[in-house]
Amino acid sequence: MRPEPASQFEVLLITGMSGAGRSHAADCVEDMGWYVVDNLPPKLLIPLVDMMTSSGSKVHRLAAVIDVRSRTYFDDLSAVLSHLDDLGVRTRILFLDANDRELVRRYESVRRPHPLQRGNRLIDGIREERELLSNLKARADTVIDTSSLSIHQLSTKLYEAMLGAGPSTVSVHIFSFGFKYGLPLDADFVADVRFLPNPYWVPSLRELNGSDKPVSDYVLGSDGAQDFLDAYEKVILIALKGYAQEDKHYVTIAVGCTGGQHRSVAMSEALAQRLQSHGLSVTVSARELEHHKRH
């Protein structure tokens, strides 16, 4: 297997002031699908990236939380950045910052010493770290000041910085199910499409399912099907916009019919296509079809 071009890989370095939100940023980035490593000495990044870009690696997006607390670390990081440039790997630096007053408040609230305090005043450790990181902050691609941000607001800022703003930051999963097998427990929305004619009672369609074109055409061509999809699409888009603002980035929609074989499957796939046309990330599954396959 040939190795993929280095340009297909991405490295994100998450750094910044201690107490400014690096750990939360790492959690958010991991939720976005990045492989995250924490507390990694910069010089260990080189063999890690070399392994990632080697043939067969499934890791294409690596995020490393870098805690630069000494001049030696900073020199190592400069060498790493030069190595990544030579490889042609796309590299970004995310820098989390906060003002001194807010950092003092956060450290006092958790009653932990600053890593550079070393028995001195807390503000001395903060100022030393700020001076040490000044050059790194200057070369950062994205700087987020978290001084006045809540955890949820920081998450929203991170999603905007990494993925863009608005509903496009929300991932949607749609799955079909049969009411007679029980309501799903993990759905944010549950749609009932039992008002549509049931293909089960059409002999030529009974043994097919909603993924088959004859069934899909039958269901989507039924009275009310398109009107329902029009209205539900609008409702979901409104909700996704609000979810993005409220730091909810994963939404599950369940679409149910009696047995989960025909109507719900066809309507799930049609709804997914509509949402995908708006640039949303949408996946689809069929609970009862998958269950029957396993058994």
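Here the structure is a predicted model, which means the values were calculated and not measured. (Residues numbered from 1 in each chain as written. Predicted model: local features only at pLDDT ≥ 70, side-chain atom pairs only at ≥ 80, totals over all residues. Heavy atoms only, no water.)

The subject of this paragraph is the confidence of the model for the protein. This prediction gives the protein a mean pLDDT of 87; 93% of its residues lie at or above 70. Mean pLDDT values over the elements of the protein span from 74, in helix α10 (residues 287-294), up to 97, in helix α7 (residues 213-220). (pLDDT = per-residue confidence, 0-100. Helix = DSSP H or I, 4+ residues; strand = E, 2+ residues; numbered from the N terminus.)

The subject of this paragraph is the side chain of Ser 18. Note that Ser 18 resides in the loop between β1 (10-16) and α1 (22-31). Polar side-chain contacts of Ser 18 include one of 2.7 Å to the side chain of Glu 129. (Polar contact = N/O pair within 3.5 Å; in protein donor to acceptor, adjacent residues only side chain to side chain.)

Turning to the environment of Val 11, a few remarks are in order. Mapped onto the secondary structure, Val 11 falls in strand β1. Taking the C-alpha atoms as reference points, Val 11 and Arg 90, 79 residues apart in sequence, are found 6.2 Å from one another. In contact with Val 11, other than residues within four places in its own chain, are Trp 34, Val 49, Met 52, Leu 62, Leu 84, Val 89, Arg 90, Thr 91 and Arg 92. (Contact = heavy atoms within 4.5 Å.)

So, about the environment of Glu 129. Mapping Glu 129 onto the fold places it in helix α5 (residues 122-138). Using a relative accessible area of 0% as the deciding quantity, one classes Glu 129 as buried. In this structure, the C-alpha to C-alpha distance between Glu 129 and Gln 117, residues 12 residues apart in sequence, is 9.5 Å. When residues no more than four places from it in sequence are discounted, the contact partners of Glu 129 are Gly 16, Met 17, Ser 18, Arg 22, Asp 67, His 114 and Leu 116. (Buried < 20%, exposed > 50% of the residue type's maximum accessible area, 1.4 Å probe, protein only.)

Tallying each qualifying case throughout the model produces 14 salt bridges. Close ionic contact of Arg 274 with Glu 233 constitutes a salt bridge, the shortest N to O distance being 2.7 Å. On the criterion of sequence distance, the pair formed by Arg 274 in helix α9 (residues 263-276) and Glu 233 in helix α8 (residues 225-245) is long-range, its members being 41 residues apart. For Glu 233, a relative accessible area of 13% corresponds to the buried category. (Salt bridge = Lys/Arg side-chain N within 4 Å of Asp/Glu carboxyl O.)

Attention now moves to the pairing of strand β8 (residues 250-257). In terms of residue burial, β8 counts as a mostly covered element, since 7 of its 8 residues are buried. Alignment of strand β6 (residues 171-178) against β8, held across 8 bridges, turns out to be parallel. Each bridged residue has a counterpart across the sheet, and for Ser 171 the counterpart in β8 is Tyr 250. Relative to β8, strand β7 (residues 189-192) runs parallel, the two being bridged by 4 bridges. (Pairing = 2+ DSSP bridges.)

Side chain to side chain, Glu 233 and Arg 274 meet in a polar contact 2.7 Å long. A distance of 2.7 Å separates polar atoms of two side chains, one belonging to Glu 233 and the other to His 278. In contact with Glu 233, not counting residues within four places along its chain, are Leu 271, Arg 274, Leu 275 and His 278.

Below, the discussion takes up α5. Because each turn of an α-helix spans 3.6 residues, side chains separated by three or four positions in sequence point in the same direction. Taking 1.5 Å as the rise per residue, α5 with 17 residues should run 24 Å; its terminal C-alpha atoms sit 24 Å apart, in good agreement. Leu 132 marks the point of greatest bend in α5, at about 40 degrees. All buried positions along α5 are accounted for by Leu 122, Ile 123, Gly 125, Ile 126, Glu 129, Leu 132, Leu 133 and Leu 136. (Expected span 1.5 Å × (residues − 1). Bend = angle between axes of the 7 residues up to and from the residue.)

To continue, consider the packing of helix α4 (residues 100-110) against α5. One can describe the packing of α4 onto α5 by two numbers: an axis separation of 10 Å at closest approach and a directional angle of 125 degrees. Regarding the angle of α4 to α5, the classification is oblique. α4 and α5 meet at a crossing whose hand is right-handed. Note on element contacts: α5 touches α4 through Leu 122, Ile 123, Ile 126, Arg 127 and Arg 130, opposite Asp 100, Leu 103, Val 104, Tyr 107 and Glu 108. (Axes fitted to C-alpha atoms, helices over the stretch in contact; angles between N-to-C directions. Parallel < 35°, antiparallel > 145°, perpendicular 65-115°, else oblique. Left-handed = near helix turned anticlockwise from the far one by under 90°.)

Spatial ordering of the open sheet is given by β7-β8-β6-β9, a layout of 4 strands whose pairing is parallel. Of all the strands in the sheet, the pair left with one neighbour each is β7 and β9 (281-286). The mean inter-strand angle of the sheet, taken between neighbouring strand axes irrespective of direction, is 20 degrees. Relative to the sheet, α8 contacts β6, β7 and β8, its axis offset from that of β7 by approximately 175 degrees. Those strands touched by α9 are β6, β8 and β9, and its axis lies near 170 degrees from that of β6.

Read across the sheet, 5 strands follow the order β2-β3-β1-β4-β5 without closing on themselves; strand pairing throughout is parallel. Only two strands of the sheet have a single partner each, and these edge strands are β2 (35-37) and β5 (142-145). Averaged over neighbouring strand pairs, the angle between their axes works out to 20 degrees when direction is ignored. Where β1 meets strand β3 (residues 61-65), 5 bridges bridge the pair, whose relative direction is parallel. Residue pairing across strands places Ile 14 opposite Val 65, the latter belonging to β3. Of the strands in this sheet, β1, β4 (90-97) and β5 touch α5, which is tilted by about 145 degrees from β4.

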